[in-house]
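A closer look at the structure
Residues per chain are reported as follows:
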Amino acid sequence: MTGIFICYRRQDSAPYAGRICDRLSGRFGQDAVFMDVDDIAPGTDFTRAIARTLDQARVLLAVIGPAWLDAAGPDGGRRLDDPADYVRQEIAHALNSGMRVVPLLVGRAAMPSEARLPSDLTPLARLNALEIGDARFEKDMAALISLIEEENAASFAAAPAGTARGRAVRRIGGIAGVLAAAGAGFWFWHAPPAVAPQALQEPDARFAGTWRAHVAYPWGIAHDETFRLSVQAGRVSGSAGFVGLERTIVQGSATGNRIEFVTKSEEKASGEPVRALTHRYRGTLETDGTLRLVLETEGGSNSGGPVGILASRAQR
C-alpha cells in the first residue's frame, strides 16, 4: 500500500522534490521506494497507473516552486490550464478523493490564490502550506515527518482489524510507513521486485562510462563537468567534476536505476581557515539514456541549495 505521493514539476522543483524524497525515505525506509517513471511498463495506460497509485495513498505532497503556477507547455500556454496536465490531474484526483493534501512551498515560492487556479484546484489555495527552506531544511522536514506519522497513526486506528486493508495498514505502521512520489516528470517509489542474481549486475553496464554536463551553480558560475563512473558489484568509483575540476569519488552505490556517490574538496577564502566540503550526488538513469543528478554541497560558504544536473553519455 502506498503511503505518500509527491507531486511536482520537474522544471520547477526537481532538486527540492528529490531532496525531500531522500529525507523521507531515510525516515520511512528505502524498501518502499520507486524512482521515476521507468518502471511503468511499456504499453501501460499512464493515467490509470497514476490513478491506481493515488487511490492507495494516504497523503499527497504538492511541491510548489517559483515556476509552478505559470510553467508553460509546448504551445506556450500555462500547463495548469490544460485539463490533461499531470500535475493538475494528480492534485484534483487527491482533492476529490478526500486524501490529505499538503502544499510544500520551496525556493521561497508563494501559495497560489484561488483566482489563479483552475476550478478543480481552487480547494488547494485554502489548505495550510508548509514551507521547506534551505537554511532550516531539517527542522521543516521534522515537522513534515511528524504530520505523516500522525496520518499513519490515524489510518492505523481507523482500519478494522479483520479487513485486508486493516492488516495492510498495520503492516505498514509496523515499519513506520511506505513512500511513493510522482508528478509530471516525477519520481515515485515502491518496494523493488525480487530479481535473479544475474540481474543485480545490470547497473554496472548502464552507469559505467564517461558522462558530460553543463552545470549552472547557484552562486552564479557555470562549468562543463565530466563524470567518469565505474560500478562493480553495486559499488561506484571514479570521479565527478565540480567547478571545472574532477574530484575522486570516495564512496558510492548503484541499485536498479538509482545511483549515489560522494566527493570531497576544500574551500579557502581570504583570511579564513580552510573548509572541508562534501559533495553528495544522487540520481537516476532516464528513459532517454541521460543521467539526471542532484548535487548537494555541505560545509562551504556558498552551498546555495541543491543543484540539478542533466548529464549525457560522452561519444566514444
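Here the structure is a predicted model, which is why all the values come from computation and not from measurement. (Residues numbered from 1 in each chain as written. Predicted model: local features only at pLDDT ≥ 70, side-chain atom pairs only at ≥ 80, totals over all residues. Heavy atoms only, no water.)

**A short note on the pairing of strand β11 (residues 291-298)**
Our working rule: Throughout this description, buried means an accessible area under 20% of the type-specific maximum (1.4 Å probe, protein chains only), exposed means over 50%, and partly exposed covers the range between. Put simply, DSSP H or I for four residues or longer makes a helix, DSSP E for two residues or longer makes a strand, and each gets a number counted from the N terminus. For two strands to be treated as a pair, DSSP must find at least two bridges joining them.
Most of β11 is tucked away, with seven of its eight residues classed as buried. Two successive antiparallel strands, strand β10 (residues 275-285) and β11, enclose a turn made up of five residues, where G289 displays a positive phi of approximately 90 degrees.

**Some points on the side chain of R9**
The cut-off we apply is this: Any N or O atom pair separated by 3.5 Å or less is treated as a polar contact, with the protein-specific requirement of one donor-capable and one acceptor-capable atom, and with residues adjacent in sequence counted only for side-chain atom pairs.
Inspection of the secondary structure assignment puts R9 in the loop between β1 (4-7) and α1 (10-28). A distance of 2.5 Å separates a polar atom in the side chain of R9 from a polar atom in the side chain of D85.

**Digging into helix α3 (residues 86-97)**
To keep things clear, this is the line we draw: The length a helix should cover is 1.5 Å for every residue beyond the first.
Here α3 contains twelve residues, and its C-alpha end-to-end distance of 16 Å stays within 8% of the 16 Å for a straight helix at 1.5 Å per residue. G98 lies just past α3 and shows a positive phi near 85 degrees.

**Quick look at the sheet that holds β10**
Worth spelling out the cut-off: Orientation is described by axes fitted as lines to C-alpha atoms, over the contacting stretch for helices, and by angles from 0 to 180 degrees between their N-to-C directions.
One closed barrel holds the eight strands; their spatial order is β5-β6-β7-β8-β9-β10-β11-β12, and the pairing between them is antiparallel. Averaged over all pairs of adjacent strands, the angle between strand axes in this sheet comes to 30 degrees, irrespective of strand direction. Pairing of strand β8 (residues 245-255) with strand β9 (residues 258-267) involves six bridges; the strand directions are antiparallel. Paired with Q251 across the bridge in β9 is V262.

**Topic: the sheet that holds β1**
The parallel open sheet is built from four strands, whose spatial order is β1-β2-β3-β4. Each edge of the open sheet is held by one strand with a lone partner, namely β1 and β4 (130-131). Of the strand pairs in this sheet, strand β3 (residues 100-105) and β4 are connected by two bridges, and their pairing is parallel. Paired with L104 across the strands is L130, a residue of β4.

**Re the confidence of the model for the chain**
Note the following rule: Note on scores: pLDDT gives the predictor's confidence for each residue, bounded by 0 and 100. We call two residues in contact when some of their heavy atoms are within 4.5 Å.
The pLDDT averaged across the chain works out to 77; a share of 74% of its residues lies at or above 70. Within the model, pLDDT remains below 50 along residues 31-39, and this stretch shows 42 contacts once partners closer than five positions in the same chain are excluded.

**As for the pattern of salt bridges**
Quick note on the threshold: A side-chain nitrogen of Lys or Arg and a carboxyl oxygen of Asp or Glu constitute a salt bridge if their distance falls within 4 Å.
Under the definition given, this model contains 17 salt bridges. For D22, the salt bridge is made with R258, and the minimal N-O distance between the two is 4.0 Å. Highlighted residues: D22 in helix α1 and R258 in strand β9, separated in sequence by 236 residues. Given the relative accessible area of 22%, D22 is considered partly exposed.

**Overview of the environment of D224**
Tracing the chain through its elements places D224 in strand β6 (residues 222-232). When the C-alpha positions of D224 and V243 are compared, they lie 8.2 Å apart, and in sequence the two are 19 residues distant.

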